[in-house]
Amino acid sequence: MATTGRDYYELLGVSKDASEAEIKRAFRRLARELHPDVSEAADAEERFREVAEAYQVLSNTETRQLYDRYGHAGLQGGGFSPGTFDFGSLSDIFSAFFGDDLFGAGGGRRARGADVVAEVAIDLVEASRGVDREVALEVAVACDRCGGNGADPGTPIVTCATCRGAGRLQQVSRSVFGEFVRTQACPRCAGAGRVPERPCSECGGSGRVVDERTLEVTIPPGIHDGQQIRISGEGHAGSVGGRAGDVYVRVRVRPDERFVREGDDIFSTVDLTIAQAALGATVTTDTLDGPADLEFEPGTQPGQIRILRGRGMPVLQGFGRGDHRVLVNVVVPHRLTTEQRELLERFEQLSSDDTYRADEGFFEKLKSAFR
Ligand SMILES: [Zn+2]
Ligand SMILES: [Zn+2]
């Protein structure tokens, strides 16, 4: 999928500070208008892809922040490429975002069952390792009593009177923008064109009953917030002979207050006291793999960054891991006892420019001793 160069907020027609709900509303409205199933315009598919891409980026906190800060370049730098996950066809995207329509969107897909959307939330640490989750779903399955054809056993199936067997209805809408014709699946026969004369008493004639199921979903290491996992054929049952829809599991990755994630990299801060920074110290800090001891040399400065190579998030469906960058923060005492104050005043008296002159660090000296 080619990445659009256009401004995502402009594409969705929302302001930069639009809420999540506003973004969703805007996309829903545009998708309804542009989706190739409903729009006759030649560029509808291209425009739909653009707004879908914009929605994909702006509906996800992580990619939205990247985009806000660095624009399109930030997304590429952060490893984002739209639709890299398996999103399926355009109509699948549509039902993935808005789906759960038991009978599918149009007569053209009448035989195939609709997709089901589910959501799971996992912690950042779980996202770093990958995790299996059970997801509870309500799916429509073929009715046992009628075998899925919707007719009470032994009764005939006749042509639908509402659509006269066509399966589709045309609806003319008038708006300030003029008149438009929209084709939709016949609500009576759900696009089949035929209906049971006497509906099955078990399923009411739909041929399907709702069943509760639990799916085991394997979430791969490195998944990003908002990405979806598609599980083929586990969605709603199709009408007779049609294959079942898919299940889309949208994965939410809960923010971890200890870490900031940017693409596959992790950032965190570590606090050193002024004495630890000046004298050198070993300090324990949290990483995705658990606590780690970091050694800091004497004269460590605030703002120094310790890079823990390969300790960031795993690359989704790839090899290796990002880095973990630890930013050094030096904390200055807020309150001093009389004795501490005297000691610091004494220390200041004994200090000269030389005290603060950058020097070859302790570890540099140690290293050169081994060269
Ligand atoms: Zn039935
Ligand atoms: Zn009909």
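Treat the numbers as computed from the prediction; the structure is a model and nothing was measured.

### Observations concerning the coordination of the zinc ion (ligand 1)
For the zinc ion (ligand 1), the protein coordination sphere consists of Cys-143 (SG), Cys-146 (SG), Cys-200 (SG) and Cys-203 (SG), at 2.3 to 2.4 Å. Coordination at the zinc ion (ligand 1) comes from 4 donor atoms whose angles at the metal span 101 to 117°, giving a geometry best classed as tetrahedral. On the primary sequence, the residues serving as donors to the zinc ion (ligand 1) are separated as C-x2-C-x53-C-x2-C. Comparing Cys-143 with Cys-146 shows no difference in burial state: the two are buried.

### Considerations on unusual backbone geometry
A positive phi angle is found at Arg-164, which is not glycine, with a value near 55°. Within the secondary structure, Arg-164 is located in the loop between strand E3 (157-159) and strand E4 (168-175). A residue is classified by how much of its surface remains accessible, and Arg-164, at 74% relative accessible area, is exposed. The phi torsion at Gln-317 lies on the positive side, around 50°, for a residue other than glycine. With respect to the element layout, Gln-317 can be found in the loop between strand E14 (305-308) and strand E15 (324-331).

### Focus: the pattern of salt bridges
Under the counting rule described, the total for this entry stands at 20 salt bridges. The residue Asp-225 makes a salt bridge to Arg-252 at a minimum N-O spacing of 3.1 Å. One end of the pair, Asp-225, is in the loop between strand E7 (208-219) and strand E8 (228-231); the other, Arg-252, is in strand E9 (residues 247-254), and 27 residues separate them in sequence. Judged on exposure class, the residue Asp-225 and its partner Arg-252 are both buried. Across the pair Arg-258 and Asp-256 runs a salt bridge whose closest N-O atoms are separated by 2.9 Å.

### Points about the pairing of strand E12 (residues 281-287)
In E12, alternate side chains face the same way, and those of Ala-281, Val-283, Thr-285 and Thr-287 are buried while those of Thr-282, Thr-284 and Asp-286 on the opposite face are not. Of the strand pairs in this sheet, E12 and strand E13 (residues 290-296) are connected by 7 bridges, and their pairing is antiparallel. Following the sheet pairing, Val-283 is matched in E13 by Leu-294. Taken together, E12 and the strand that follows it, E13, pair antiparallel across an intervening segment of 2 residues.

### Things to note about the sheet that holds strand E11 (residues 265-273)
Judged by pairing direction, the sheet is mixed, and its 4 strands sit side by side in the order E10-E11-E15-E14 without closing on themselves. Both outer strands of the open sheet, strand E10 (260-262) and E14, are each paired with one neighbouring strand and no more. Sheet twist, expressed as the mean angle between neighbouring strand axes with direction ignored, is 30°.

### Quick word on helix H2 (residues 20-34)
End to end, H2 covers 21 Å across 15 residues, agreeing with the expected 21 Å (1.5 Å per residue, within 8%). Here H2 has its buried residues at Ile-23, Ala-26, Phe-27, Leu-30, Ala-31 and Leu-34. Seen end-on, H2 carries its buried residues on one side only, within an arc spanning 130°.

### So, the environment of Phe-347
Its location among the elements puts Phe-347 in helix H8 (residues 338-350). Sequence-distant contacts of Phe-347, that is, excluding residues within four places in its chain, are made with Thr-355 and Tyr-356.

### As for the side chain of Thr-155
Looking at where Thr-155 falls in the secondary structure, it is placed in the loop between strand E2 (131-142) and E3. A polar atom in the side chain of Thr-155 sits 2.7 Å from the backbone oxygen of Asp-152.

### Examining the packing of H2 against helix H3 (residues 44-58)
Put simply, H2 and H3 touch, their axes get as near as 10 Å, and they point 165° apart. What the angle tells us is that H2 and H3 run roughly antiparallel. Crossing hand, H2 versus H3: left-handed. Contacts from Ile-23, Lys-24, Phe-27, Leu-30, Ala-31 and Leu-34 in H2 reach Ala-44, Arg-47, Phe-48, Val-51, Ala-52, Tyr-55 and Leu-58 in H3. Residue classes in the contact of H2 with H3 are distributed as 11 nonpolar, no polar and 2 charged.

### Describing the packing of aromatic side chains
Summed over all chains, the structure comprises 3 aromatic pairs. Ring geometry for Tyr-9 versus Tyr-67: centroids 6.1 Å apart, planes at 35°, classification tilted. Taken together, the residues span a long stretch of sequence, with Tyr-9 in helix H1 (residues 8-12) and Tyr-67 in helix H4 (residues 61-77) at a distance of 58 residues. Here Tyr-9 falls in the buried class, since its relative accessible area comes to 1%. According to the relative accessible area criterion, Tyr-67 is buried, its value standing at 6%. Three or more aromatic residues joined by ring pairs make a cluster, and in this case those are Tyr-8, Tyr-9 and Tyr-67. The ring centre of Phe-296 lies 4.6 Å from the NZ or CZ of Arg-306, which sits over that ring.

So, how was this worked out
Residues numbered from 1 in each chain as written. Chains lettered and ligands numbered in written order. Predicted model: local features only at pLDDT ≥ 70, side-chain atom pairs only at ≥ 80, totals over all residues. Heavy atoms only, no water. Donors = N, O, S within 2.8 Å, 3.2 Å for Na, K, Ca; no water. Tetrahedral: all angles 85-135°; square planar, octahedral: opposite > 155°, others 65-115°. Buried < 20%, exposed > 50% of the residue type's maximum accessible area, 1.4 Å probe, protein only. Helix = DSSP H or I, 4+ residues; strand = E, 2+ residues; numbered from the N terminus. Salt bridge = Lys/Arg side-chain N within 4 Å of Asp/Glu carboxyl O. Pairing = 2+ DSSP bridges. Axes fitted to C-alpha atoms, helices over the stretch in contact; angles between N-to-C directions. Expected span 1.5 Å × (residues − 1). Arc of directions from axis to C-beta. Contact = heavy atoms within 4.5 Å. Polar contact = N/O pair within 3.5 Å; in protein donor to acceptor, adjacent residues only side chain to side chain. Parallel < 35°, antiparallel > 145°, perpendicular 65-115°, else oblique. Left-handed = near helix turned anticlockwise from the far one by under 90°. Nonpolar A, V, L, I, M, F, W, Y, C, P; charged D, E, K, R; others polar. Phe/Tyr/Trp six-rings, centres within 6.5 Å; stacked < 30°, edge-to-face > 60°. Lys NZ or Arg CZ within 6 Å of the ring centre and 35° of its normal.

Functional significance is not addressed by these values, which are geometric in nature.
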